[in-house]
Amino acid sequence: MTVLPRPGDPVITPALVAEHGLTPDEYQRLVDMLGRTPTFTELGVVSALWSEHCSYKHSRPLLRTLPTKAPYVLQGPGENAGVIAVGDGLAVAFKIESHNHPSAVEPYQGAATGVGGILRDVFTMGARPIAMLNSLRFGSLDHPRVRYLFAGVVKGIGDYGNSVGVPTIGGEVVFDPAYETNPLVNAMCVGVMHERDLIRAKAEGVGNPIIAVGARTGRDGIHGASFASEDLSHESDAKRPRVQVGDPFTEKLLLEASLELIKSGHIVAIQDMGAAGLTSSSAEMAARGDVGVTIDVTKMPVREEGMTPYEILLSESQERMLVVAKRGHEAQVKEILAKWDLSAEVIGEVIAEPVYRVTEGDRVVAEFPGSRLVTDCPVYHPDARESDTIAALRARDVDAIRERPEERDAAWTLRELLSSPTIASKAWVYRQYDTSVRTNTMLGPGGDAAVLRLRGTRKALAVKTDCNGRYVYLEPRVGGRIAVAEAARNVACTGARPMAITNCLNFGNPKRPEVFFQFREAVGGMAEACETLGTPVTGGNVSLYNESPNGAVFPTPVIGMVGLADDVDHVTRATFQQAGDTIVLLGEPTSELGASEYLARVHNVTAGAPPRCDLQVERRLIDLLLEAIQAGVVSSAHDCSDGGLAVALAECAMADREQRFSATVDLSSWSGISKRAMLFGEAQGRVVVSTDSPARVERIAAARGVPVRRIGIVEAADRPFRIEYAGGQLVAPLEQLASAYHNAIPSIMTRVAVADDALAADAPSTVGS
Amino acid sequence: MKFGVITFPGSNSDEDAFLAITDVLGQEGVKLWHKDHDLRGVDVVILPGGFSYGDYLRAGAIARFSPIMREVVAHADRGGPVVGICNGFQIACEAGLLPGALLRNASLQFVSELCRVRVETTETRFSNQYAPGQILRLPIAHGDGRYTADDATLDRLEQNGQVVFRYVNAKGETDPSADPNGSMRGIAGIVNERGNVLGLMPHPERAAEAIVGSADGVALFESLLAQVGV
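Residues numbered from 1 in each chain as written. Chains lettered and ligands numbered in written order. Predicted model: local features only at pLDDT ≥ 70, side-chain atom pairs only at ≥ 80, totals over all residues. Heavy atoms only, no water.

### Description of the overall build of chain B
In step 1: Looking only at helices and strands, one finds five helices and 11 strands in chain B.
In step 2: For 230 residues, the compact-globule estimate of 2.2 N^0.38 gives 17 Å, and chain B sits close to it at 16 Å.
In step 3: Dimensions along the principal axes, computed over C-alpha positions, put chain B at roughly 45 × 40 × 35 Å.
In step 4: The buried share of chain B, reckoned over its 230 residues, is 63%.
In step 5: Looking at chain B as shown, the accessible area adds up to about 8,100 Å², and 47% of this sits on carbon and sulfur atoms.
In step 6: Here chain B holds 20 positive side-chain charges and 28 negative ones, and the gap between their average locations is 3 Å. (Helix = DSSP H or I, 4+ residues; strand = E, 2+ residues; numbered from the N terminus. Rg over C-alpha atoms; globule rule 2.2 N^0.38 Å. Buried < 20%, exposed > 50% of the residue type's maximum accessible area, 1.4 Å probe, protein only. Areas by Shrake-Rupley, 256 points an atom, 1.4 Å probe, with all protein chains shown as cover. Lys, Arg positive; Asp, Glu negative; His and termini not counted. Charge placed at Lys NZ, Arg CZ, Asp CG, Glu CD.)

Encoded structure:
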């Protein structure tokens, strides 16, 4: 059909093309594809679909190197969410996604809509969301702007998830100046379904109607996908109107209606209208089904008058879905939506002709051949070269850094670390999240991983997000490996077998060789770890251009790990359970100190090589842990990570406010390791276990070839916390450590009224019930 | 015994209540829809937790106008038992079934935790299976839970034994620091004068199995069963 410029639309000029973020080469590709000058609408469509956010044009070739297969993987990358089978006819859908840029300029709505989007990705697979996790990165809480972002993001996540009724049960919050103006807000959702209810977002069946469902379309969020694909700058605040506004109430209705719709059998496909809205949902569904589609924008239910095709196609108004129904079942679809007070309008249909066509009534305003709109997007292979500065930081001899005078008392150092906001209790955060709704939560936030029972079975699901960006910054391959290994270790500590991951790759501008080097290496490290640990990647999200005038964030490939415990009786806590238990360290202590939280917190130094990560050892450690837990000889198991062994032991003792213990630990026989590496070094592959049968743990460890040491005894809470080492000892009243750990974040956040005031002006008027 | 759980648009603990009734207590559960005009012969009505109508305007303020609420009020007027949990407590107050109101938490933050409440009276049809003074662990999860009423109302509630649950610390004492939302006199749950309508902010239906942290909520429902000797 003939496509003519729409009266009143701007004329296509090089300046307009540049404004849409297309390079001259990309624009030429578009002209070649069409065989003519694009219309303004077509330019808008392509600018969204070929944005980094939608197209993965810099990351795709490397993502293909990740392992994605296992017999239990039902759906790998390329769908709304990954899906694995967990037995008993059940499947688990899960996915992680970033909402960094919106949250940097509008923390409350940015985070809230991030939660909304990832929920929709999971329930459009046919799964009922049962848990949310969040992986958050902020600058130092010393800065008022950071406190404002932190408080706003947490409130946004809470208000949205709480209202929809999905428990937010885990994640991580890390603070480092590297994230000061560019926070990272990654939200993960986990859902459960019967395998038979799995549905994919693939348009099929010529003549089937395409239906827009849910909220009406407004002018909000236009070009959100493009905004997410550029560096943050001083002008970013002016792009606040590109941030969408969420309505969790409509989301809850949409969730119930969608699940009912999927079960009803009246539809063949369903997809969230997320980034790039109607454009990307319709084009992607058509490309997956290898069919043509035609859409009439005048049929779209809109919120405002006079919206152009360009605006309707690119709006990112929230809480909308695109559905392909079975022909003749339109009335039934509308009836289900009406029950939930939601609208459903037929806006187009699946056609045999291989085109992607958009009309405004009778006028064709955009038309692309076949699925080339999706497949013709360029793929880039940028240069990769390590930054000399970072290589020099890694090579620095951190053992030469002198101890501060206060460190003569190792208890001082331990308190410093326990009160570091990255290590300290995050109860201030998760007290604002409903963790108990849906009554599946066995282990909520604050442990190594969160654990949910799988109703109707004996099984339980463990979920965790993890990444140490400082490690990845200093040595990306090792950091990528550790991110996966640590997430797996966390899940195994709760008694679950690590099964599969989703990932959210937060990096800087890929056109800079030093950034692309980090990306390539980190993905390489992750691939190695996923391969060795048997945890394929089932999907995820790439967020590039996390840069501000101060530079790029730490490269942060966040891993969202899902694990399965065969029996709820195996679910194990991180904290000590009874006085008199023997404390056992699994894994090998080393003299490594590089890239540690100790150096960052106590010496303000980000340098040295991160600890080595031997994946074979990690695998054996996981097998050993699971065998010992299943044998019933493990009272508690806690991963040894940020802050090292001393911090891990202190956490085992007092992280649980309701049930505290102390510990007497003796490391005096350890030789050849400095005091601070022994106490605060972050050697990988280590787990602190408490047990009433140490000999049996030792036998299992020996059989698995994992080093094991009895290092102490769990004591009653009124005894001092004590670690002896060659040449001295760390002694502290337990209460003092608990206070450092539990009060750190509340005391910062309540001291400061600025954040609350700023928020009050921002947040909507309801907190809700 | 037949328990009806109402689903308002935005209810999110309706399923939790339904499963506690059916799976854990083995009683008959009926899912009631907000647009209906029929309680379908249930003995007990549960107004569940959640965010009915998004809590827009004010928590519970719109739900009270739902068609089914006319039937719920009539049921209560006949002396039929009603349990309002969290958002359901807010709806019951808005509907005039219970005195007082639930305001924004004193902290201005949503609060979610396993709190402690003390059973203040066992002389109600909702608490007769507890021991007097028993300390319960029940989850709370709300932004608007600060129970508020004028002094005369509060005095009357106390004198009539209408305060059923009060927030306490680990020693079982009332203590402002153990009151998670700033409720007046630490009130977590009350009954109406006639004793057939209970409203409480904590979630007994989410404390029905030890595997999810606490089973202390079960006796609340068992109290209703004991009442009729089921």
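### A few points about the interface of chain B and chain A
In step 1: Facing the 40 residues of chain B at the interface are 36 residues of chain A.
In step 2: For the pairing of chain B and chain A, the buried interface totals around 3,100 Å² over both sides, and the portion due to carbon and sulfur atoms is 51%.
In step 3: On the chain B side of the contact with chain A, B:Tyr56, B:Phe110 and B:Ile211 bury the most area, a combined 18% of that side's loss.
In step 4: Taken together, the connections running from chain B to chain A amount to six salt bridges.
In step 5: When the shortest N-O distance is used, the salt bridge between A:Asp434 and B:Arg206 registers 3.0 Å.
In step 6: Here chain B is connected to chain A by 15 residue pairs in polar contact (both at pLDDT 80 or more).
In step 7: Residue classes in the side of chain B that touches chain A are distributed as 15 nonpolar, 12 polar and 13 charged. (Contact = heavy atoms within 4.5 Å. Buried area = accessible area lost by both parts, 1.4 Å probe. Salt bridge = Lys/Arg side-chain N within 4 Å of Asp/Glu carboxyl O. Polar contact = N/O pair within 3.5 Å; in protein donor to acceptor, adjacent residues only side chain to side chain. Nonpolar A, V, L, I, M, F, W, Y, C, P; charged D, E, K, R; others polar.)

### Re the packing of helix α23 (residues 644–654) of chain A against helix α26 (residues 734–751) of chain A
All names here are of chain A.
In step 1: Between α23 and α26, the shortest axis-to-axis distance is 10 Å and the interhelical angle comes to 95°. It follows from the interaxial angle that α23 and α26 lie roughly perpendicular. In contact with Ala650, Glu651, Ala653 and Met654 of α23, α26 contributes Leu734, Leu737, Ala738, Tyr741 and His742.
In step 2: In the contact of α23 with α26, the residues fall into seven nonpolar, one polar and one charged. (Axes fitted to C-alpha atoms, helices over the stretch in contact; angles between N-to-C directions. Parallel < 35°, antiparallel > 145°, perpendicular 65-115°, else oblique.)

### Digging into the packing of aromatic side chains
In step 1: Tallied over the entire structure, the rule returns 17 aromatic pairs over all chains.
In step 2: Aromatic side chains A:Phe249 and B:Tyr56 sit 6.0 Å apart centroid to centroid with 90° between the ring planes, which places their arrangement in the edge-to-face category. Placement of the pair is A:Phe249 in helix α10 (residues 248–264) and B:Tyr56 in the loop between β3 (44–47) and α2 (67–77), with the two residues belonging to separate chains.
In step 3: You can call B:Tyr56 partly exposed: its relative accessible area is 32%.
In step 4: One aromatic cluster is present, formed by A:Phe138, A:Phe150, A:Phe175 and A:Trp428 through successive ring pairs.
In step 5: The ring of B:Trp33 carries the charged tip of A:Lys339 above its face, separated from the ring centre by 5.1 Å.
In step 6: A cation over an aromatic ring shows up here: B:Lys31 above the ring of B:Phe18, its NZ or CZ 4.7 Å from the ring centre. (Phe/Tyr/Trp six-rings, centres within 6.5 Å; stacked < 30°, edge-to-face > 60°. Lys NZ or Arg CZ within 6 Å of the ring centre and 35° of its normal.)

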